[in-house]
Structures are given as structure tokens and as C-alpha cells.
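The residues making up each chain are set out below.
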Amino acid sequence: MKFGVSTFLTDQGIAPAALGRAVDERGLDSLFIAEHTHIPVDRRTPYPRGGELPEIYYRTLDPFVALAAVAAVTERLLLGTGIALVAQRDPIITAKEVASLDLVSGGRAVFGVGIGWNREEMANHGTDPRTRGRLVDERLRAIRELWTREKAEFHGEFVDFDPVYSWPKPARQPHPPIYVGGGEGAFRRVAALGDAWLANGTPPEELGPQIERLRSLAGRDVPVTVYGVPQDPEVLERYARLGVERVLFYLPTVPEAETLPHLDRFADVAGRFR
């Protein structure tokens, strides 16, 4: 089982390059960062975890700019979006951003995706929250066409373009892996469009039956990465017994001096499994 880090990068925490170097130096395998373009002042959608929305949601850096900075100072670290809000993203621009990151990093991009929860945020992008699932599915299909075809075209309900040239193509073939986030409601998207499932903190006793249902639906052995796991060796061992490919420790968004002790603890826990 592999060990990585997930976090919110903001203008108030550790800088992307410093974080990337620190994660890489400690032998962790990946860095996944969150995305929110903005937060509407008059927000009615409740925060999924309850209570007030943390300030980090208001201040996230652009994930592809941040991950490009990480790519420049690392050589082996996987660079993931955790997650990119595809319901709020133009597919042609997003395809170019992911492919560019994959190219400049030597094939290390991971495209973690989801449909999002903040209805007012996505509405500001012109997205109808009621149809965002179908929209995301179409955009992912269109992005794959742009990545893999010299003359790409797509004609759907939401995405429509005649043949186009779009470069660069990704370094990784056939394309960077798509990690689909969400619960069981996302399983059909994982099966049809994903290379892996990005599960959000699901405990092992619930995750095991879910993995069985997902793999039965998909008809294949879908890799699983779990976001936001505890630093408990016993719990981590249970994830390993389930065949989880990767777990991600959640890193609080704090200045560099406060970040490094967290990373040291993550590396220490991960080291017990090597």
C-alpha cells in the first residue's frame, strides 16, 4: 500500500514548492490538492461536514498552477487534483491544463475529479446543479477525446465541438489516470470513466463491501485510494488487507514550520509498512 498527502493549498499556508520538496524528501508517493474557484457570499448549500465552512475553502490556489510549481522541484512525486470540480470547468481548457502538467512533470499527473457540492458556486459557472452529473460525464468523455485523438470532436447534450487540434498530448499513455471521487452514487461513473476510485475517508468496515459492489459493477479490479485516513497503524493495516492501493493523510493548512512535523509523523507511520 502506498502513502500520500492531501491538503488545501492557500495563500496562508506552506508554499507549493516547499511542500512538494518536503513530501518528496520523506518518501511519500503523492500529493493531492483541493480546488474551489470561489465561495459565494450568499451561500445556502450547507457544508457537508456540518458547521461553518472553513476559511481554507475561500482561499485555495489554482490546482494546476500549484502542482506545476511542485513538479518543478520534484522528480517522482505523483501530482493529483483532489478533487478538480469538473462541473465548473471548461473541458477544452481543462484537457490542456492536465496534459500540460503531465508533460512538464514527465507523466506524473493524476486527474482526481468530482461533481462538487456547493450549488451556488457551480451556478456562478453557469452549471445547473440538477444536471451536473450528466455534465461531468460528458466533459470527462470529451477530455479523453482531446487527450487521445489527433483530430478530436465531441457532440453531446452539454459539450459540442467539431474536429479540433489540441496539444500538448499527455506524456502518460493513453492518458493520465482519472480518479473519480464520491460515494456509491459515483460508482457508475467510476466504472465507465474512471481508472480508480477516490474514496473520502470511508472506514475499513464500510469500505470492504463497497469495494466488492464497485468491482462487481465495473467487472474489473478497480484500484482504490482513500482520502483523509487516520494515522492509526491498526486502521491502516485493515485498509491494506482490503487491497487498497493508496491512502492519503490529510495535512492541515498551516505555515511551513508547522507543516513539517505533520509530514514527519506521516512518514514515520508509513515507514512501519515498508
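Look a little higher up for the structure.
Per chain, residue numbering runs from 1 following the sequence as it is written. The predicted nature of this model means local features are confined to residues of pLDDT at least 70 and side-chain atom pairs, given and counted, to a pLDDT of 80 or more, with totals for whole chains, interfaces and linings taken over all residues. The basis for every side-chain value is the complete set of heavy atoms in the structure, and neither hydrogens nor water enter the calculation.

Asks: Explain the pattern of salt bridges to me, please; I cannot follow it from the model alone.
Replies: Where charged atoms from two side chains of opposite charge come close, those side chains can pair. What counts as a salt bridge is simple: a side-chain nitrogen of Lys or Arg found within 4 Å of a carboxyl oxygen of Asp or Glu. Going through the model one piece at a time under the given rule, you end up with 17 salt bridges. Among the ionic pairs, Asp128 bridges to Arg130, the shortest N-O distance being 2.9 Å. Burial here depends on accessible area, computed with a 1.4 Å probe over protein chains only, as a share of the maximum for the residue type. Under 20% is buried, over 50% is exposed, and the range in between is partly exposed. Asp128 gets classed as partly exposed once you look at its relative accessible area, which sits at 27%. The residue Asp137 makes a salt bridge to Arg189 at a minimum N-O spacing of 2.5 Å. Of this pair, Asp137 sits in helix 5 (residues 132-148) while Arg189 sits in helix 6 (residues 187-193), placing them 52 residues apart in sequence. The class of Arg189 is buried, set by a relative accessible area of 14%. Per the convention used, a helix needs a DSSP run of H or I reaching at least four residues, while a strand needs a run of E reaching at least two, with both numbered from the N terminus.

Asks: For this particular structure, what's the right way to read the side chain of Thr94?
Replies: Summarising the element assignment, Thr94 is placed in helix 3 (residues 91-104). The exposure class of Thr94 is buried, given its relative accessible area of 1%. Within the structure, Thr94 has its side chain in polar contact with the backbone oxygen of Asp90 (distance 2.7 Å). Residues adjacent in sequence count toward polar contacts only when both atoms are side-chain atoms; beyond that, a polar contact is any pair of N or O atoms within 3.5 Å, and within protein one must be able to donate a hydrogen and the other to accept it.

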